[in-house]
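So the chains spell out like this:
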Amino acid sequence: MKKIILLLSVLLFNLGPILAQDNYERKVFVSVSGDSLNYRLLEPEAMQAGKKYPLVLFLHGAGERGNDNEKQLTHGAQMFLNPVNREKYPAFVLFPQCPEDSYWAYATRPLSFIPAQMPVGEEMPSAFRAVKEMLDMYLANPQVDKSRVYIIGLSMGAMGTYDMVSRFPDMFAAAVPICGTINPTRLSTAKNVAFRIFHGDADDVVPVAGSREAYKALKAAGASVLYTEFPGCNHGSWNPAFNCPDFMSWLFGQQKK
């Protein structure tokens, strides 16, 4: 009997995150060019008619690519399901999933993540164009507060965050790139976006120089930017970032100028 109870407890523990993530509605967006983009949507829990809500676009890392419309919820999704956060920070939250053979922001994985060697002037790949079109669709919703649109990205998604904000700076109030990189020459366009950057100084996947150079470029452009570097932390710097006590309050406190 004890073994059965223990087994049930383990099953319930493992099913918990899966059941919780079912709060995110499964969706598929089809772009004007016919490309399909899997994504998940979380709406404000008690949406009121006539009220406007912030929108958060969350871009996952390379390890969560695929076509299951599930893996993109691995990191970060639970934050927005926390009942306290859902009550204090009601929002539309979008989690698109990058196809396995694609890469956010770039046609393929950049050959180098050294900031000065990152690509400049590339066209948006089809999967990322679909993300932008999907975002445009939600911004047409009268209940979305266009002055409070936020973007968060991890690793590959942080590269996408930098790229999206550099291309469309007037769209976003705040950006949170975590363990990402970009050619810093591209960031002058984003001077009116509030940035909060995180990175681990022991990152052996995306060099910490990516965030350091981005911080310096944004400061030089006159942007509002905070930078937190975690000593001894490797690539998974999203874990301590999400645990910062003011992560949500800072994000939802930003409003487009």
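A short tour of the structure in this document, coming up. (Residues numbered from 1 in each chain as written. Predicted model: local features only at pLDDT ≥ 70, side-chain atom pairs only at ≥ 80, totals over all residues. Heavy atoms only, no water.)

1. Topic: helix H5 (residues 156-167)
Along its twelve residues, H5 runs 17 Å from first to last C-alpha, staying within 8% of the 16 Å computed at 1.5 Å per residue. For H5, a buried count of eleven out of twelve residues is recorded, marking the element as mostly surrounded by other parts of the structure. Within the sequence span of H5, burial applies to Met156, Gly157, Ala158, Met159, Gly160, Thr161, Tyr162, Asp163, Met164, Val165 and Ser166. At its buried positions, H5 is contacted by strand E3 (53-59), helix H4 (126-139), strand E5 (144-154), strand E6 (174-178), strand E7 (194-200) and helix H6 (209-221). (Helix = DSSP H or I, 4+ residues; strand = E, 2+ residues; numbered from the N terminus. Expected span 1.5 Å × (residues − 1). Buried < 20%, exposed > 50% of the residue type's maximum accessible area, 1.4 Å probe, protein only. Contact = heavy atoms within 4.5 Å.)

2. Observations concerning the sheet that holds E3
Spatial strand order, E1-E2-E4-E3-E5-E6-E7-E8: eight strands in an open sheet with mixed pairing. Single-partner strands in this sheet number two, and they are strand E1 (25-30) and strand E8 (225-230). Put simply, the sheet's adjacent strands are angled 20° from each other on average, direction ignored. Two elements, E6 and E7, share three bridges in a ladder whose sense is parallel. Across the sheet, the residue bridging to Ala174 is Ala194, located in E7. Lying on the sheet, H5 is in contact with E3, E5, E6 and E7; it crosses E5 at an angle near 140°. (Pairing = 2+ DSSP bridges. Axes fitted to C-alpha atoms, helices over the stretch in contact; angles between N-to-C directions.)

3. Notes on the environment of Phe172
Tracing the backbone shows Phe172 in the loop between H5 and E6. Each C-alpha atom, one on Phe172 and one on Leu55, is 9.7 Å from the other, the two residues being 117 residues apart in sequence. Discounting residues that sit within four places of it in the chain, Phe172 has contacts with Leu135, Val149, Tyr150, Ile151, Met164, Val165, Val193 and Lys256.

4. Examining the nonpolar core
One recurring pattern in soluble globular proteins: nonpolar side chains tend to sit buried together. By size, the foremost hydrophobic cluster in this structure holds 49 residues, and its most contacted members are Leu94, Trp104, Phe172 and Phe195. Every element with two or more residues in this core is listed here: strand E2 (36-42), E3, strand E4 (92-96), H4, E5, H5, E7 and H6. In terms of residues, this core owes the most to one element, H4, which gives eight residues. Among residues more than four places away in sequence, those in contact with Leu94 are Tyr39, Arg40, Leu41, Leu55, Val56, Leu57, Phe58, Met134, Leu135 and Tyr138. By size, the runner-up hydrophobic cluster in this structure holds 34 residues, among which are Tyr24, Met79, Val93 and Phe95. (Core = buried A, V, L, I, M, F, W, Y, C linked by side-chain atoms within 4.5 Å.)

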